[in-house]
Amino acid sequence: MSDALKAVFQSRIIELQARVSSIHDDFAEGKPSTWSEQAGERENDEVLNALESEAKIEIQQLSNAITSIEAGTYGICIECGEDIATGRLKVQPAATKCINCAE
């Protein structure tokens, strides 16, 4: 089970890294020449920056989850030491705290 879970997390990390790379490629394309086009592009850049930031955070969380799997501590709350509910891990696979400690 832990090897399968690691594979799922690693696959997701690869998807997210591809997304980040695509965002970097989009930034490298350059900007339109007119002022109004540049204003529209700046708004798009803000969205791309937010998407990149979210992807990087998820990559880090999944990397941490893989480390926890390898250490044998995956699914154990870092606050109280109790098991994290399976339902919580299904919704948030990189959760490090049980629902009680997360609140």
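Keep in mind that what you see is a predicted model, and the values were worked out from it rather than measured. For every chain, the first residue of its written sequence is number 1, and the numbers climb from 1 along that sequence. Local features in this predicted model are restricted to residues whose pLDDT is 70 or higher, and side-chain atom pairs enter the listing and the counts only when it is 80 or higher, whereas totals over whole chains, interfaces and linings include all residues. Note that water and hydrogens are dropped before the side-chain values are worked out from all heavy atoms of the structure.

Student: What is the right way to look at the pattern of salt bridges in this model?
Tutor: Pairs can form between side chains of opposite charge whenever their charged atoms are close. Should a side-chain nitrogen of Lys or Arg be within 4 Å of a carboxyl oxygen of Asp or Glu, the pair is scored as a salt bridge. Summed over all chains, the structure comprises 5 salt bridges. Among the salt bridges present, the one from E52 reaches K56, with a minimum N-O distance of 3.2 Å. Placement of the pair is E52 and K56 together in helix α2 (residues 35–71), with a separation of 4 residues, close to one helical turn. Only protein chains enter the calculation, and the probe is 1.4 Å; a residue is then buried if its accessible area is under 20% of its type maximum, exposed if over 50%, and partly exposed in between. Residue class for E52 comes out buried when judged on its relative accessible area of 9%. Helix and strand assignments follow DSSP, with helices taken as H or I runs no shorter than four residues and strands as E runs no shorter than two, numbered in order from the N terminus.

Student: Explain the packing of aromatic side chains to me, please; I cannot follow it from the model alone.
Tutor: The way to describe two aromatic rings as a pair is by their centre distance and the angle between their planes. The aromatic pairing rule takes the rings of Phe, Tyr and Trp, using the six-membered ring of Trp, and pairs them if the centres are within 6.5 Å, calling planes under 30 degrees apart stacked, those over 60 edge-to-face and the rest tilted. Using the criterion set out here, one finds 1 aromatic pair in the structure. Their ring planes at 65 degrees and their centres at 5.9 Å tell us that F9 and Y74 sit as a pair that is edge-to-face. Taken as a pair, F9 in helix α1 (residues 2–28) and Y74 in the loop between α2 and α3 (86–91) lie far apart in primary sequence, 65 residues in all. With relative accessibility at 2%, the residue F9 sits in the buried group. Look at Y74 and you get partly exposed, because its relative accessible area is 21%.

Student: In this structure, what is going on with the nonpolar core? I would like to understand it.
Tutor: As a rule of thumb, nonpolar side chains are buried together in soluble globular proteins. Within the largest apolar cluster, 12 residues are counted, these being L5, F9, I13, L16, V20, A55, I59, L62, A65, I66, I69 and A94. At the level of secondary structure, the elements contributing two or more residues to this core comprise α1 and α2. Any two residues having at least one pair of non-hydrogen atoms within 4.5 Å are treated as being in contact. The contacts of F9, once residues within four sequence positions are left out, are L62, A65, I66, I69, Y74 and P93. Among the nonpolar cores identified, the runner-up in size contains 5 residues, and C77, I84, L89 and A95 belong to it. By nonpolar core we mean a set of buried residues, namely Ala, Val, Leu, Ile, Met, Phe, Trp, Tyr and Cys, connected to one another through side-chain atoms within 4.5 Å.

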